[in-house]
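# Summary of structural features
Here's the letter readout for the chains.
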Amino acid sequence: MTAKAAKKPPARTRRPRIEDEAEFRRWTPEEVIELRLLPYTSERVLKQKCYRRQVWHHLDGGRITFTAEDLRREAERNAVAPIAA
């Protein structure tokens, strides 16, 4: 047997799932509007709501960003319960 054949193949590392990667992703207001992740149609309106602290967001170094948790919280806050509940 040669030395090459005796070597074990490198161990496979577990690649994070897309859902796991999305937990660490940060979206800018421009991306949120473009991808329609929140029910706002204008970047300016979204930024103004963030400045007034009416929308869940983060201020990373003075820049507005959104995490998956922020988007979930905002969707939950805007949810309407059915009358027959």
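On a predicted model such as this, the values are computed, not experimentally measured, just so you know. (Residues numbered from 1 in each chain as written. Predicted model: local features only at pLDDT ≥ 70, side-chain atom pairs only at ≥ 80, totals over all residues. Heavy atoms only, no water.)

## Digging into the packing of aromatic side chains
Taken as a whole and assessed by the stated rule, the structure comprises zero aromatic pairs. A cation over a ring is seen here: R73 above W56, with NZ or CZ 4.2 Å from the ring centre. (Phe/Tyr/Trp six-rings, centres within 6.5 Å; stacked < 30°, edge-to-face > 60°. Lys NZ or Arg CZ within 6 Å of the ring centre and 35° of its normal.)

## A few points about the nonpolar core
W27, V32, I33, L38, Y40, L46, C50, V55, I64, F66, A68 and L71 together form the largest nonpolar core, which totals 12 residues. Looking at this core, the elements that each hand over two or more residues are helix 3 (29–35), helix 4 (43–51) and helix 5 (68–77). Those residues in contact with L38 that lie beyond four places of it in its chain are V32, L46, V55, F66, L71 and E74. (Core = buried A, V, L, I, M, F, W, Y, C linked by side-chain atoms within 4.5 Å. Buried < 20%, exposed > 50% of the residue type's maximum accessible area, 1.4 Å probe, protein only. Helix = DSSP H or I, 4+ residues; strand = E, 2+ residues; numbered from the N terminus. Contact = heavy atoms within 4.5 Å.)

## A word on the confidence of the model for the chain
Taken as a whole, the chain shows an average pLDDT of 85; of its residues, 78% reach a score of 70 or greater. Across the chain, the secondary-structure element scoring lowest on mean pLDDT is helix 1 (residues 3–6), at 62, and the one scoring highest is helix 4, at 97. (pLDDT = per-residue confidence, 0-100.)

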